[in-house]
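Tertiary structure, described
Listed below, chain by chain, are the residues.
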Amino acid sequence: MLGRALSDEELRLFAAAARRQPVTAGEVLFRRGEAGQSMFVIESGQIRLEFGDGLADRVLGPSEYFGELAVFIGQHSRMAGAVAETGGVVHVVDQAAFERLLGEQPGLLARFMRRSFAYLVASETQLILGLRRRNEDLMQTLDSLRQTRTELSIAQQLVRTDELTGLVNRRGLYRYIDELDCEALAEQHLALLLIDLDDFKRINDRNGHLAGDSALRAVAEEVRRAAGPMELPCRLGGDEFALLAHVSDAGDLANRAIRLVAAVRSLRLPILREPLRLSVSIGACFCPPGEDWSSWYSRADALLYQAKVEGGDGWRLGD
Ligand SMILES: Nc1nc2c(ncn2[C@@H]2O[C@H](COP(=O)(O)OP(=O)(O)OP(=O)(O)O)[C@@H](O)[C@H]2O)c(=O)[nH]1
């Protein structure tokens, strides 16, 4: 084990060549990064070396020395700060004194320097190992953060997805509306198509709930197919779907409704007993940016109701 303590002979030598300096608790001898000019030998009391960057401090006591790189190299930037932990006395050996000692006692100083270098190399190796470990810990933390982020985004996705059809659910729709940038629609207008299956209760009653689920999935697929890249197909609940579409005018909106009604009408599900056929009714209206979801919805719902009253399997368009 390499120590920081001087032999009695070294101690006597350095003490004779140094300037004796009393220190009080808390006194700063030097700060990290400062250019060093001298090394220190402790006669009494304790000195704390502070390495910073999350590394452990080190407390040195009587007959131990520190800051020697300053006299070996000169103007060396201090790797640690030194603060008196308690009151005491230190010997300050500056570069000139060290050079003098080197001339007078080369053998003793050579042994001292060899020991110091070995100590410094061992400390550096420890430091590198510690940093490598810290780096590995950081990489692991980063990995688990990445995993948590992925899990979180999967969880968020699930929370906003309708389990039966895989379409976005009402929560996802609200999120989409919150993030909607109507300015970005350029020449297009936002429109709502509210889509509801006709006589769905009868389909359930006559064919069973599982067949009803298949019918919902098939209609969901048509709503999804009807949606453009930035549009939102969604299941609001039960047999009610919505499509937030970007259209150029009323004709464009009517065409979207006509195509969707026709697409559902053409579906043939083997699981459904004839003569039951799937059909939907649609209420479609524009969504002015100044209004909120509930006013868009009530307008589309009133139009949907009219389409149902007229016998279903059709659409009604409003402003
Ligand atoms: N299979 C199945 N049925 C559902 C699901 N959610 C709601 N339903 C049923 O959907 C039916 C909706 O019935 P209604 O609201 O009366 O609608 P409808 O029979 O289509 O009548 P109209 O809308 O007037 O044409 C109810 O019988 C619900 O039990 C589901 O996830 N799966």
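Residues numbered from 1 in each chain as written. Predicted model: local features only at pLDDT ≥ 70, side-chain atom pairs only at ≥ 80, totals over all residues. Heavy atoms only, no water.

Named according to an unreviewed UniProt entry, the chain is diguanylate cyclase originating from Rehaibacterium terrae. According to the UniProt record, the Subcellular location (unreviewed entry) comment for the chain is "Cytoplasm". (UniProt positions renumbered as here; feature names shortened; annotations may be inferred.)

The subject of this paragraph is the layout of surface pockets. There is about 890 Å³ of room inside the largest pocket. If you trace the largest pocket, you find 33 residues lining it, with Phe 51, Arg 58, Met 79, Tyr 119 and Ser 123 closest to the centre. Elements that contribute at least two residues to the lining of the largest pocket include exactly strand S5 (58-60), helix H2 (69-73) and helix H4 (106-159). At nine residues, the largest contribution of residues to the lining of the largest pocket is made by H4. Tallied by class, residues from the lining of the largest pocket come to 17 nonpolar, six polar and 10 charged. (1 Å grid on protein atoms, 1.4 Å probe; cavity = no way out; pocket = protein on both sides within 12 Å on 5 of 7 lines; lining within 4 Å. Points joined across faces, edges and corners; volume = space filled by probe spheres on them. Helix = DSSP H or I, 4+ residues; strand = E, 2+ residues; numbered from the N terminus. Nonpolar A, V, L, I, M, F, W, Y, C, P; charged D, E, K, R; others polar.)

As a further point, take helix H3 (residues 95-104). Restricting attention to buried positions, one finds in H3 the residues Ala 97, Phe 98 and Leu 101. Relative to the axis of H3, the buried residues are bounded by an arc of 100° and lie together on one face. The elements touched by buried residues of H3 are helix H1 (8-17), H2, strand S8 (88-94) and H4. (Buried < 20%, exposed > 50% of the residue type's maximum accessible area, 1.4 Å probe, protein only. Arc of directions from axis to C-beta. Contact = heavy atoms within 4.5 Å.)

Where helix H5 (residues 170-179) is concerned, the buried positions are Gly 172, Leu 173, Tyr 176 and Ile 177. In a view along the axis of H5, the buried residues occupy a sector of 140°, so they form one face of it. The exposed set on the far side of H5, more than 90 degrees from its buried face, consists of Arg 171, Asp 178 and Glu 179. Buried-residue contacts for H5 involve strand S10 (232-237), strand S11 (240-247) and helix H9 (293-309). Residue Asn 169 occupies the N-cap position of H5, its side-chain oxygen lying 3.1 Å from the main-chain nitrogen of Arg 171. (Polar contact = N/O pair within 3.5 Å; in protein donor to acceptor, adjacent residues only side chain to side chain.)

So, on to the nonpolar core. Ranked by size, the top nonpolar core spans 33 residues in total, and within it Leu 193, Ile 195, Phe 241, Leu 278 and Ile 282 carry the most contacts. Elements represented by at least two residues in this core include exactly strand S9 (189-197), helix H6 (200-207), helix H7 (209-226), S11, helix H8 (250-265) and strand S12 (280-286). Of all hydrophobic cores here, the second largest spans 20 residues; its members include Leu 6, Phe 14, Ala 17 and Leu 69. (Core = buried A, V, L, I, M, F, W, Y, C linked by side-chain atoms within 4.5 Å.)

The next point concerns the site of the ligand. Inspection of the region around the ligand gives 15 residues, with Phe 200, Lys 201, Asn 204, Asp 213 and Asp 239 positioned closest. Leu 197 places a polar main-chain atom, nitrogen or oxygen, 3.1 Å from an oxygen atom of the ligand. His 209 is positioned with one of its backbone polar atoms (N or O) 3.1 Å from a nitrogen atom of the ligand. Protein chains shield 61% of the accessible area of the ligand, which is 670 Å² for the free molecule. Put simply, the parts of the chain that give the shell around the ligand at least two residues each are S9, H6 and H7. Looking at the shell around the ligand element by element, the count peaks at four residues for H7. (Near = heavy atom within 4 Å. Areas by Shrake-Rupley, 256 points an atom, 1.4 Å probe, with all protein chains shown as cover.)

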